[in-house]
Amino acid sequence: MELFVNSKFNFLRWRYHALAFSLAFIAIGLGMLFTRGVNLGIDFAGGANVILRFQGPPPIAELRSIVEGSTIQQYGPPEDNAVLIRLPQTGVEGDYAGQVVALLNERLNEEGEGKLDLNFQGRAALADMLKEADPDGRGSSPAALAFYDELAQRVIDRRSDLGIFTDVDQVTSVEGVSPATARILRERTFLGAFNLLSQETVGPQVGRELQQKAMWAIILATLAMGAYIAVRFDFKFGIAAILSLVHDSMFALAFLGMINGQFEIITVAAFLMIIGYSINDTVVVYDRVRENVRKLRIRDDFESVINRSLNQTLSRTVLTGGSVMLVLLSLIFRGGEVIHEFALLLLVGTTAGMFSTLFVVPAIVLAWNRRFRSKSAYGGGERRTESRVGEPATAGGRKR
């Protein structure tokens, strides 16, 4: 399928405008990034994240008074009544998030002392309570123990479906709960104020190590791609590939600074995916340039060869990029809060990759070629006719 048949767009005509736009965008984004400071996630900064879902509107003021110095924000749609609590680095290794959750459970669920919290405890605790009470008189045989394990799992699965229990009838209506079991559940359990959706702790030492490894991963990936291009095609193409990957990464980083997004492990994954996508698109153009230089009987100047190659691969670039964008747009609008920023960063990064393939890389290659008039198969910018690859020819086409 071809969207552009025999197109003759002069991409190189707009190379200076494209470079000016990129530099302006990157400068603005990085300026905002360094003005605000890098918004490091707990993967790199250390600290803890706790996500809680409440039965009703979250008691934000009370949460702030209990966990001093924390950052609390809405998590997901307002009707979910969920909050994300970000806890700063303490400089001490250990289960920081677990300690904070235990504190919140103690302070927010004082009325349930001595009872089992069905919104907080898991399957094992509930199963142990049922086995001890044995409301259905099944005894302590393996079959009886397995029955209570299965019943406890059904109750927890019901909580997962609802998000949180708001009424004890939601518990007692679970399949397999007998009247005797329902009575025990009403007597010995209660519905706590919140349900723990997730907790995560990263120590300060681990955070520093992750920062270093993330930077090296991006740098080494970029250099490795450039080295491959230099060996596979031409040295100037390798340099252009490295610079284009730096451009794409800086473009995505600038966008991250504009939206004050978090820099975390999943962000590093996004940068590596952007690098991989961009170099794949660039290699296709490089390959077509090489084919045109070697196979065309009438040799044009190098600028015309690049423009012809870009036009010949334009349909492939647009179709591939468009398909990727459709997937990313679906993730942005339907993927949920967790991957929203990740998908948005990928969308901007892959768009920058298409942009650099069409404008930035050709501009760099052409500038390099004009600066260092090459006599290789990629031409020195003069018009040549009927000469073989690698054989010098005069401007008029006669061999020396």
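Presented here is an overview of the structure given in this document. Along every chain, residues carry numbers that run from 1 in the direction the sequence is written. Restriction of local features to residues with pLDDT of at least 70 applies here, the model being predicted, together with a cutoff of 80 or more for giving and counting side-chain atom pairs; totals for whole chains, interfaces and linings are based on all residues. No hydrogens and no water enter the side-chain calculation; it runs on all heavy atoms of the structure.

Details of the overall build of the protein
Move 1: When you go through the protein residue by residue, the secondary structure sums to 14 helices and 8 strands.
Move 2: Counting across all 400 residues of the protein, residues that qualify as buried make up 45%.
Move 3: Restricting the contact set of the protein to residue pairs at least 6 apart, pairs at least 24 apart contribute 75%.
Move 4: We get accessible surface area from the Shrake-Rupley algorithm with a probe of 1.4 Å; when it comes to residues, only the shown protein chains can shield them. With an accessible surface of roughly 20500 Å², the protein has 57% of that area assigned to carbon and sulfur atoms. Helix and strand assignments come from DSSP, with helices taken as H or I runs of at least 4 residues and strands as E runs of at least 2, each series counted from the N terminus. Relative accessibility under 20% of the residue-type maximum defines a buried residue, over 50% an exposed one, and the middle range a partly exposed one, all with a 1.4 Å probe and only protein chains included. Here, two residues are considered to be in contact whenever any of their heavy atoms come within 4.5 Å of each other.

Focus: helix α5 (residues 123-133)
Move 1: Those residues of α5 that sit buried are Leu126, Ala127, Met129 and Leu130. Viewed end-on, α5 has its buried residues packed into an arc of 160°, placing them on one side of the element. The directions from the helix axis to the C-beta atoms form the arc being described.

Some thoughts on the packing of helix α13 (residues 314-334) against helix α14 (residues 337-371)
Move 1: Here the axes come from fitting lines to C-alpha atoms, over the contacting stretch only for helices, and the angles between their N-to-C directions go from 0 to 180 degrees. Close contact between α13 and α14 brings their axes to 9 Å; oriented N to C, the two are set at 170°. On the basis of the axis angle, α13 is roughly antiparallel to α14. Where α13 abuts α14, its residues Leu314, Thr317, Val318, Gly321, Val324, Met325, Leu328, Leu329, Leu331 and Ile332 lie against Ile339, His340, Ala343, Leu344, Leu346, Leu347, Thr350, Thr351, Met354 and Leu358.
Move 2: Looking at the contact of α13 with α14 residue by residue, the class counts come to 15 nonpolar, 5 polar and no charged. Roughly parallel covers angles under 35 degrees, roughly antiparallel covers those over 145, roughly perpendicular covers 65 to 115, and oblique covers all other angles. Residues are grouped as follows: nonpolar covers Ala, Val, Leu, Ile, Met, Phe, Trp, Tyr, Cys and Pro; charged covers Asp, Glu, Lys and Arg; every other residue, Gly included, is treated as polar.

Regarding the nonpolar core
Move 1: Only buried residues count toward a nonpolar core. Its members are Ala, Val, Leu, Ile, Met, Phe, Trp, Tyr and Cys residues joined through side-chain atoms within 4.5 Å. Of all hydrophobic cores here, the largest spans 53 residues; its most connected members are Phe237, Tyr286, Phe302 and Val365.
Move 2: When residues of this core are traced back to their parent elements, those giving at least two are α1 (15-36), α9 (204-232), α10 (235-258), α11 (265-295), α12 (302-312), α13 and α14.
Move 3: The element that contributes the greatest number of residues to this core is α14, accounting for 14 residues.
Move 4: The contacts of Tyr286, once residues within four sequence positions are left out, are Ile229, Phe233, Phe237, Ala240, Ala241, Val361 and Val365.
Move 5: Core analysis: the second largest hydrophobic core is formed by 19 residues, Leu130, Ala152, Val155 and Leu191 among them.

Notes on the side chain of Arg86
Move 1: Positionally, Arg86 belongs in strand β3 (residues 82-87).
Move 2: Look at Arg86: it is buried, it has no salt bridge, and the nearest opposite charge is Glu264 at 7.1 Å. Positive charge is attributed to Lys and Arg, negative charge to Asp and Glu, and no charge count is given to His or to the chain ends. Salt bridges are defined by distance alone: a side-chain nitrogen of Lys or Arg within 4 Å of a carboxyl oxygen of Asp or Glu.

Some details on the packing of aromatic side chains
Move 1: For Phe, Tyr and Trp, rings pair up if their centres lie within 6.5 Å, where Trp contributes its six-membered ring, and each pair is then called stacked (planes under 30 degrees apart), edge-to-face (over 60) or tilted (otherwise). Taken as a whole, this structure holds 12 aromatic pairs when the rule is applied.
Move 2: Geometrically, the ring pair formed by Phe11 and Phe359 is edge-to-face, given 5.9 Å between the ring centres and 70° between the ring planes. Of the two residues, Phe11 is situated in the segment before α1 and Phe359 in helix α14; the sequence distance between them amounts to 348 residues. For the pair Phe11 and Phe359, a shared accessibility class is recorded, and that class is buried.
Move 3: Each ring, one from Phe355 and one from Phe359, has its centre 5.3 Å from the other, and the planes form 45°; the classification is tilted. Here Phe359 and Phe355 lie together in helix α14, a separation of 4 residues that amounts to about one turn.

Re the sheet that holds strand β6 (residues 194-202)
Move 1: Paired strands are those between which DSSP finds at least two bridges. If you trace the 4 strands from one edge of the open sheet to the other, you get β2-β3-β1-β6, paired in antiparallel fashion. Two strands lie at the open edges of the sheet, namely β2 (71-74) and β6, each paired on one side alone. Within this sheet the neighbouring strands show an average axis-to-axis angle of 15°, counted without direction.
Move 2: Sitting on the sheet, helix α4 (residues 96-108) touches β1 (47-54), β3 and β6, and the angle it makes with β6 is about 155°.

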